[in-house]
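Below, each chain spelled out in residue letters.
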Amino acid sequence: MSSKLCLLTVHAHPDDEASKGAPTIARYHAEGVRCVLVCCTGGEEGDILNPAMDGPDKADRLAEIRAAELAEAAEAIGYDEVVMLGYRDSGMEESEANNHPDCFAMADLDEAVGRLVKIIRREKPQVVITYPEDQGGYRHPDHLKVHDITVPAFEQAGNADYRPELGDPWAPTKLYYVMWSRQRVEERHKAFMKLGLESPYGDWWFDQESKDDLITTKIPVEGFIDARINGLLAHKTQIDPDSTFWFGLPPEVERSLYPYDDYILARGPKPDKQPERDLFAGIDTDQKLTQHLLSSRT
């Protein structure tokens, strides 16, 4: 086994790492776990959503700007390393960018899986986090492709017969899907209403079928919520600091409202009881560090 615990996440674009599971990364980083981010695209097709950052000079250099934003966000969150998978942003579903020859959506599946396998074998994570197949009606091609490559890469990384030129085999123990629970949305919606504020959660959020019954793992992240806030604010072109959705609640309410990140365990040893409180639960290593970390979370 690895001499150190490692957690690897796979995201589609710069800013996804901030909106999905950032407090979890901050917590594990604080506990000494090596945290690695794989970002599959450069975000070239992103819209500039912050009016203060708009302008033709920004649009022409968006990939460069977003790379710098990603580096700032990763540091704020607690990632030890950012690895770019090397594909172009595919744009929204049915946009012209879907057909760009360098875009992620057009990438050969085995080639993309191989790129990720090489990273997994090098970094040797025990835990991998990605997106579920069912993404609640969000059909961005890059988000769908993230799922499509991460599951086979997780399964093939430990297969010695699969492309041995990519490195020595390494089999991660657990694969998780990150999600926003209905409970989180409901609690945020109620908080807006209680404070007399306009809620950003319209009917669309509540018309969808709840998937909360699929949640296996709730990671306590009290004290680490600012990692999400600061990570989002680092993406100055993509995130409007006046956004009601992200920043409409007072910070003190935001920090205490829903102090969990939610996950679905997709591969790996099933927990004795649900929900799990630790992504590394059930993982055996020969390092005393592991026992120290696990005992500190019980």
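For clarity, every value in this text was computed on a predicted model and none was experimentally measured.

A. Just the overall build of the chain, in detail. Helix and strand counts for the chain come out as twelve helices and seven strands. Scaling as 2.2 N^0.38, a compact globule of 298 residues should have a C-alpha radius of gyration of about 19 Å, and the chain matches this with 19 Å. With respect to the principal axes defined by its C-alpha atoms, the chain has extents near 55 × 45 × 35 Å. For the chain, with 298 residues in total, the buried portion stands at 51%. Intrachain contacts of the chain at a sequence separation of at least 6 include 80% that bridge at least 24 residues. Averaging the positions of the 33 positive and the 54 negative side-chain charges in the chain gives two centres separated by 6 Å.

B. Fine view of the environment of Met 106. Assignment of secondary structure puts Met 106 in the loop between strand 3 (81-87) and helix 5 (109-123). In sequence terms Met 106 and Pro 141 are 35 residues apart; their C-alpha atoms lie 9.4 Å from each other. Those residues in contact with Met 106, other than ones at most four positions away along the chain, are Asn 98, Asn 99, His 100, Pro 101 and Lys 145.

C. Representation of the pairing of strand 2 (residues 34-41). The element strand 2 is extensively covered by neighbouring structure, given that seven of its eight residues are classed as buried. Direction of pairing for strand 1 (residues 6-11) relative to strand 2: parallel, over a ladder of six bridges. Across the sheet, the residue bridging to His 11 is Cys 39, located in strand 2. Both strand 2 and strand 3 contribute to a ladder of five bridges, which runs parallel. Looking at the pairing, Leu 37 lines up with Val 82 of strand 3.

D. Representation of the pattern of salt bridges within the structure. Applying the stated rule across the entire model yields 20 salt bridges. Across the pair Glu 81 and Arg 34 runs a salt bridge, and its minimum N-O distance is 2.5 Å. Linking Glu 81 in strand 3 with Arg 34 in strand 2, this pair joins segments that are 47 residues apart in sequence. Classification of Glu 81 as partly exposed rests on a relative accessible area of 27%. A relative accessible area of 27% means that Arg 34 is categorised as partly exposed. Arg 228 serves as the salt-bridge partner of Glu 254, at 3.9 Å between the closest nitrogen and oxygen. Of this pair, Glu 254 sits in helix 11 (residues 251-257) while Arg 228 sits in helix 9 (residues 226-234), placing them 26 residues apart in sequence. This pair shows no difference in class: Glu 254 is buried, exactly as Arg 228 is. When salt bridges that share partners are traced, they join Arg 34, Glu 81, Arg 122 and Glu 123 into one network.

E. Layout of the sheet that holds strand 1. Taken in spatial order, the seven strands line up as 3-2-1-4-5-7-6 in an open sheet, and their pairing is mixed. Each of the sheet's edge strands pairs with one partner strand only, and the pair in question is strand 3 and strand 6 (217-220). Sheet twist, expressed as the mean angle between neighbouring strand axes with direction ignored, is 30°. Across five bridges, strand 5 (residues 174-179) lies against strand 7 (residues 260-267) in antiparallel orientation. In the sheet register, Tyr 177 faces strand 7, and the bridge partner there is Ile 264. Helix 5 contacts strand 1, strand 2 and strand 3 of the sheet and is inclined by roughly 165° relative to strand 3.

F. The arrangement of the pairing of strand 1 in detail. Here strand 1 lies mainly inside the structure; six of its six residues are buried. Residues Cys 6, Leu 8 and Val 10 of strand 1 are buried on one face, and the alternating residues Leu 7, Thr 9 and His 11, pointing to the opposite face, are buried as well. Pairing geometry for strand 1 and strand 4 (residues 127-130), over three bridges, is parallel. Along strand 4, the bridge assignment pairs Thr 9 with Ile 129.

G. A look at the nonpolar core. Core analysis: the biggest nonpolar cluster contains 64 residues, and Leu 7, Leu 279 and Phe 280 have the highest contact counts within it. When sequence neighbours within four positions are dropped, the list of residues in contact with Leu 7 reads Ile 25, Tyr 28, Val 33, Arg 34, Cys 35, Val 36, Val 127, Ile 129, Leu 279 and Phe 280.

H. The arrangement of the packing of aromatic side chains in detail. Considering all chains together, one arrives at eleven aromatic pairs under this definition. With a centroid separation of 6.1 Å and an interplanar angle of 85°, the aromatic rings of Trp 180 and Trp 246 are classed as edge-to-face. Here Trp 180 is found in the loop between strand 5 and helix 7 (182-194), whereas its partner Trp 246 is found in helix 10 (residues 244-247), with 66 residues between them in sequence. Taken together, the ring pairs in this structure connect Trp 180, Tyr 201, Trp 204, Trp 205, Phe 245 and Trp 246 into an aromatic cluster. Against the face of Tyr 87 rests Arg 115, its NZ or CZ located 4.1 Å from the ring centre. Seen from the ring of Tyr 260, Lys 218 lies directly overhead, with NZ or CZ sitting 5.6 Å from the centre.

Scoring rules and cut-offs
Residues numbered from 1 in each chain as written. Predicted model: local features only at pLDDT ≥ 70, side-chain atom pairs only at ≥ 80, totals over all residues. Heavy atoms only, no water. Helix = DSSP H or I, 4+ residues; strand = E, 2+ residues; numbered from the N terminus. Rg over C-alpha atoms; globule rule 2.2 N^0.38 Å. Buried < 20%, exposed > 50% of the residue type's maximum accessible area, 1.4 Å probe, protein only. Contact = heavy atoms within 4.5 Å. Lys, Arg positive; Asp, Glu negative; His and termini not counted. Charge placed at Lys NZ, Arg CZ, Asp CG, Glu CD. Pairing = 2+ DSSP bridges. Salt bridge = Lys/Arg side-chain N within 4 Å of Asp/Glu carboxyl O. Axes fitted to C-alpha atoms, helices over the stretch in contact; angles between N-to-C directions. Core = buried A, V, L, I, M, F, W, Y, C linked by side-chain atoms within 4.5 Å. Phe/Tyr/Trp six-rings, centres within 6.5 Å; stacked < 30°, edge-to-face > 60°. Lys NZ or Arg CZ within 6 Å of the ring centre and 35° of its normal.

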